[in-house]
Structure formats: C-alpha cells, structure tokens
Amino acid sequence: GIQVEQSPPDLILQEGANSTLRCNFSDSVNNLQWFHQNPWGQLINLFYIPSGTKQNGRLSATTVATERYSLLYISSSQTTDSGVYFCAVTNTGNQFYFGTGTSLTVIP
Amino acid sequence: KAGVTQTPRYLIKTRGQQVTLSCSPISGHRSVSWYQQTPGQGLQFLFEYFSETQRNKGNFPGRFSGRQFSNSRSEMNVSTLELGDSALYLCASSLLYREGGYEQFFGPGTRLTVL
C-alpha cells in the first residue's frame, strides 16, 4: 500500500497564528483528501484535492502530485480549529490510505 | 441531503461475542467503505462495497465481514470478538466524479468496546 507521512505530528498554536501541515506520500496518487477529526470522532471533509490549489475561507490546500506531497494552510487559527487533521490518498479506486495525522491545539 | 448515518453509536460487548454495525450512505452514493480507527494503528481500510459486491478488501482477518443491500445500506460483522477489536468503526459513502476520482464522506462512527 501507499505510505503516507504527515508532519508535524503535534502542533500548538496561539489563537490568530498561521500554520502549514504537510502530507508526503510514497507513490503516485489520483485522489487526495484532507479531513478534520473533531473531538467526537467525526471526520469532516476539508478538501478533495488530487492536484492544484483550493481555498475555503481561512483554509487552503495545495497538492503537487508529481512531487508527492500536499500542504494544508490554516490562517488566523481559532480554538475551534483544534483537533486532528488527516490526509488520505488512493491510486486504486476507492481504497484510501490515511496518514497518522497532525494533532492541532489552538490556545486562546 | 442527509449525511451518512451509522448505528449504533456506542456498543459494549464481551470477548467471543459477535457484533453487527450498520451504515446508511448519502442518497445516490453506491459505494460504501469501512475503516477501523485505533490509537495504535490509526485509520485502516477494512473493505469497500459497490452495488452489493465487495470491490476492495484490506488486510483484516476473516472474522471481519460485510455486505451491502440493494438500497446501498451496508452492514459489517465482527465475529468472535477480541479485546483488540475495540475501536472506532467509520463508514464512508463515496461520490464518484466524472474524471474518475472518489470523494469520501464519513459517518459519525460506532465506538465499540470489547471487555
């Protein structure tokens, strides 16, 4: 299967700070998604981004498929951004491989 | 549209018992995938069903099985439960885009505790 590495594993930010989360993958992929897992375990879709750049409010993401990485940018962080961020990829249909996540804590 | 629903949300079982979890996908989505999340192993793919057929399977023992019904609802079953089966079980419903990519939407999960 595809190896997915996310960095950093843990991140503590002051409210209002910006951050960049990275996802590296070991093989070519044709699909990539970013998720936010809230404290209750729900995985919330952030981006479907097999390539290119997308923005949604304070969040944006960039995937450079040829170089096998994706970045998630969070600007002006808020306490509600706390949680675990996962990157998931696939290159064969609908079997996704997840990274180990970045645990983000935003302190007021 | 209603999101992905999973029942039950919480479950406590004892070793050796079996359990059945249910997932109803988003209306119109024909693919349903199941994942197991544990602190030690993270999120791992169990299997995927499409049009009532298992299309992909992860690396789990045969005690883990599933099925999909004609209305796309899916169930997964775990027989002879072990302590290590304690986990959050997540179901995902997938939308297939014209260019061939899938976007997955997850349900709230079923938290299984095996005593």
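Residues numbered from 1 in each chain as written. Chains lettered and ligands numbered in written order. Predicted model: local features only at pLDDT ≥ 70, side-chain atom pairs only at ≥ 80, totals over all residues. Heavy atoms only, no water.

1. Some words on the overall build of chain B
No. 1: Helix and strand counts for chain B stand at zero helices and eleven strands.
No. 2: Starting at the N terminus, the α and β elements of chain B follow one another as β-β-β-β-β-β-β-β-β-β-β.
No. 3: Here the C-alpha atoms of chain B give a radius of gyration of 14 Å, agreeing with the 13 Å that 2.2 N^0.38 yields for 115 residues.
No. 4: A burial count over chain B gives 50% of its 115 residues as buried.
No. 5: Nonlocal contacts in chain B, meaning residues at least 24 apart in sequence, comprise 52% of its contacts between residues at least 6 apart.
No. 6: Counting every atom, chain B has about 5600 Å² of accessible surface; 49% of that belongs to carbon and sulfur.
No. 7: Placing the 12 positive and 7 negative side-chain charges of chain B at their respective mean positions leaves the two points 5 Å apart. (Helix = DSSP H or I, 4+ residues; strand = E, 2+ residues; numbered from the N terminus. Rg over C-alpha atoms; globule rule 2.2 N^0.38 Å. Buried < 20%, exposed > 50% of the residue type's maximum accessible area, 1.4 Å probe, protein only. Contact = heavy atoms within 4.5 Å. Areas by Shrake-Rupley, 256 points an atom, 1.4 Å probe, with all protein chains shown as cover. Lys, Arg positive; Asp, Glu negative; His and termini not counted. Charge placed at Lys NZ, Arg CZ, Asp CG, Glu CD.)

2. Description of the state of the cysteines
No. 1: Considering all chains together, one arrives at two disulfides over all chains under this definition.
No. 2: Disulfide pairing is shown between Cys23(A) and Cys87(A); the S-S distance is 2.0 Å. With the S-S bond torsion at -55 degrees, the cross-link from Cys23(A) to Cys87(A) turns out left-handed. In this pair, Cys23(A) is assigned in strand β3 (residues 19-25) and Cys87(A) in strand β9 (residues 83-90), connecting sequence segments 64 residues apart.
No. 3: Among the residues examined, Cys23(A) registers a relative accessible area of 0% and is labelled buried.
No. 4: With a relative accessible area of 0%, Cys87(A) lands in the buried category.
No. 5: A sulfur-sulfur separation of 1.7 Å characterises the disulfide bridge that pairs Cys23(B) with Cys91(B). Measuring handedness by torsion sign, the sulfur bridge of Cys23(B) and Cys91(B) sits at about -55 degrees and is left-handed. Here Cys23(B), found in strand β3 (residues 19-24), pairs with Cys91(B), found in strand β9 (residues 87-96); they are 68 residues apart in sequence, far enough to count as distant. Each member of the pair, Cys23(B) as well as Cys91(B), is classed as buried. (Disulfide = S-S within 2.5 Å.)

3. A look at the interface of chain A and chain B
No. 1: Listed by partner, the interface residues are 16 residues for chain A and 25 residues for chain B.
No. 2: Both sides together, the interface formed by chain A and chain B hides about 1600 Å², and carbon and sulfur atoms give 48% of it.
No. 3: Our count for the chain A to chain B interface comes out at zero salt bridges.
No. 4: Linking chain A to chain B there are twelve residue pairs in polar contact (both at pLDDT 80 or more).
No. 5: Going through the elements one at a time, β4 (31-37) and β5 (43-48) of chain A are the ones with two or more residues in the side of chain A that touches chain B.
No. 6: The dominant element in the side of chain A that touches chain B, judged by the number of residues it contributes, is β4(A), at four residues.
No. 7: Grouping the amino acids of the side of chain A that touches chain B by side-chain chemistry returns seven nonpolar, nine polar and no charged. (Buried area = accessible area lost by both parts, 1.4 Å probe. Salt bridge = Lys/Arg side-chain N within 4 Å of Asp/Glu carboxyl O. Polar contact = N/O pair within 3.5 Å; in protein donor to acceptor, adjacent residues only side chain to side chain. Nonpolar A, V, L, I, M, F, W, Y, C, P; charged D, E, K, R; others polar.)

4. Re the sheet that holds β3(B)
All names here are of chain B.
No. 1: The sheet built from four strands is open, its strands ordered β1-β3-β8-β7 with antiparallel pairing. The open sheet has two edge strands with one neighbour each: β1 (5-7) and β7 (64-68). Across the sheet, the mean angle from the axis of one strand to that of its neighbour is 20 degrees, orientation sign disregarded.
No. 2: Pairing of β3 with strand β8 (residues 74-78), which is carried by five bridges, proceeds in the antiparallel orientation. Across the sheet, the residue bridging to Val19 is Val78, located in β8. (Pairing = 2+ DSSP bridges. Axes fitted to C-alpha atoms, helices over the stretch in contact; angles between N-to-C directions.)

5. Section: the nonpolar core
No. 1: If you look at the biggest cluster of nonpolar residues, it comprises 22 residues, and the most contacted ones within it are Trp34(A), Phe47(A), Leu72(A) and Val89(A).
No. 2: At the level of elements, β2 (10-14), β3, β4, β5, β7 (59-64), β8 (69-74), β9 and β11 (102-107) of chain A are the ones that each hand at least two residues to this core.
No. 3: Counting residues in each nonpolar core, the second largest holds 21 residues, with Trp34(B), Leu46(B), Val78(B) and Tyr89(B) among its members. (Core = buried A, V, L, I, M, F, W, Y, C linked by side-chain atoms within 4.5 Å.)

6. Topic: the sheet that holds β8(A)
All names here are of chain A.
No. 1: If you trace the five strands from one edge of the open sheet to the other, you get β1-β3-β8-β7-β6, paired in antiparallel fashion. Whereas interior strands pair on both sides, the edge strands pair on one side only; in this sheet they are β1 (4-7) and β6 (52-56). Strand-to-strand, the axes of this sheet are offset by a mean angle of 15 degrees, without reference to chain direction.
No. 2: As judged from the six bridges shared by β7 and β8, these two strands associate in the antiparallel manner. By the bridge assignment, Thr62 is partnered in β8 with Leu71.

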